[in-house]
Each structure stands twice: as structure tokens, then as C-alpha cells.
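One letter stands for each residue in the lines below.
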Amino acid sequence: MLIALIARDKPGALQTRLDNREAHIAYLKETGVVSQAGPLLDEDGNMAGSLVILDVADMAQAQDWASNDPYAKAGLFGSVDLIEWKKVI
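Residues numbered from 1 in each chain as written. Predicted model: local features only at pLDDT ≥ 70, side-chain atom pairs only at ≥ 80, totals over all residues. Heavy atoms only, no water.

Colleague: Please give an account of helix α2 (residues 59-68) that cites residues and values.
Modeller: Of the positions making up α2, those classed as buried are A62, W65 and A66. Projected onto a plane normal to the axis of α2, the buried residues spread over an arc of 100° and lie on a single side. Residues of α2 that are buried in the fold lie against β1 (2-9), α1 (14-31), β2 (34-41), β3 (47-55), α3 (70-73) and β4 (77-85). Residue D58 occupies the N-cap position of α2, its side-chain oxygen lying 3.3 Å from the main-chain nitrogen of A60. (Buried < 20%, exposed > 50% of the residue type's maximum accessible area, 1.4 Å probe, protein only. Helix = DSSP H or I, 4+ residues; strand = E, 2+ residues; numbered from the N terminus. Arc of directions from axis to C-beta. Contact = heavy atoms within 4.5 Å. Polar contact = N/O pair within 3.5 Å; in protein donor to acceptor, adjacent residues only side chain to side chain.)

Right, here's the structure in full:
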């Protein structure tokens, strides 16, 4: 099952993102369930959120993954949506 994680950073939290970026990227790589990932950008081109496509067994696994993301643990996100996604192209 593919799940799109769409997270928006809290306002003014760019430094929190930068401080935790290395741990977040390591988590993306080591968990083995990330199909695609990258930052969302604001109008100035600064990182302001995340889009992560997870390939997991079920929504519970996606929620567990999201809860253990170093960005989430650091309190970076103002909102996180987990949405079942179907790849077309």
C-alpha cells in the first residue's frame, strides 16, 4: 500500500529542520519503506514541509513510521496528513 505523507512545518521552524535533517535522511534510508521523498518549498525556495511516499503494509505502519521520524520527534511539523495514494505515472 502506498501512503503519501504530507507534512507542513511550523512557522519559523527552518532551523529545527536543518538541525535534524541528517537524522531524518538517515531514517528515510534505513527504514526501507520510503519510495520517494523530498522537501516542500515556500515561495522563497526555503524548505517548509515534507512529501514522503511510503510503501507499507497498512495505515498503522505508516502512522508508526511518521511518529518515529526524527522531524516529528523534534516537533517540526504543524500538520501531518497520511493519505492512501495510487501511482499512475
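Colleague: Go over the environment of S67 with me, naming the residues and quoting the values.
Modeller: Along the chain, S67 falls in helix α2. In this structure the C-alpha to C-alpha distance between S67 and V80, which are 13 residues apart in sequence, comes to 10.0 Å. Beyond its immediate stretch of four places on either side in the chain, S67 contacts A72 and K73.

Colleague: I'd like to hear about the packing of aromatic side chains, residue by residue, with values.
Modeller: Two numbers describe a pair of aromatic rings. These are the distance of the centres and the angle of the planes. Taken as a whole, this structure holds two aromatic pairs when the rule is applied. Each ring, one from Y27 and one from W65, has its centre 4.8 Å from the other, and the planes form 35°; the classification is tilted. With Y27 in helix α1 and W65 in helix α2, the pair connects residues that are 38 residues apart, well separated along the chain. Its relative accessible area of 4% is what places W65 among the buried residues. Measuring from centroid to centroid gives 6.0 Å for Y71 and F77, while their planes differ by 85°, and the two rings are edge-to-face. Across this residue pair, the class does not change: Y71 and F77 are buried. (Phe/Tyr/Trp six-rings, centres within 6.5 Å; stacked < 30°, edge-to-face > 60°.)

Colleague: Describe α1, and please don't skip the residues or the numbers.
Modeller: Taking 1.5 Å as the rise per residue, α1 with 18 residues should run 26 Å; its terminal C-alpha atoms sit 24 Å apart, in good agreement. A bend of about 55° at R21 is the largest found in α1. Every buried residue belonging to α1 is among R17, H24, Y27 and L28, and all of these are buried. As for α1, its buried residues are in contact with β1, β2, β3, α2, α3 and β4. Looking one or two residues past α1, G32 carries a phi angle of roughly 75°, positive in sign. (Expected span 1.5 Å × (residues − 1). Bend = angle between axes of the 7 residues up to and from the residue.)

Colleague: Lay out the pattern of salt bridges with the relevant residues and their values.
Modeller: Evaluation of the coordinates by the stated rule reveals one salt bridge. For the salt bridge of R17 with D9, the shortest nitrogen-to-oxygen distance reads 2.7 Å. (Salt bridge = Lys/Arg side-chain N within 4 Å of Asp/Glu carboxyl O.)

Colleague: Give me the sheet that holds β3: which residues, what numbers.
Modeller: Strands in a sheet are paired, the pairing made by backbone hydrogen bonds, and the direction either parallel or antiparallel. Taken together, the four strands give an open sheet; going across it, the order is β2-β3-β1-β4, and neighbouring strands pair in antiparallel fashion. Whereas interior strands pair on both sides, the edge strands pair on one side only; in this sheet they are β2 and β4. In this sheet, neighbouring strand axes are inclined to one another by 15° on average, regardless of whether the strands run parallel or antiparallel. Sheet topology places β2 next to β3; seven bridges connect them, and they run antiparallel. Within β3, the position partnered with G38 by the bridge is L51. Sheet strands in contact with α1 are β1, β2, β3 and β4, and its direction is about 15° off that of β3. (Pairing = 2+ DSSP bridges. Axes fitted to C-alpha atoms, helices over the stretch in contact; angles between N-to-C directions.)

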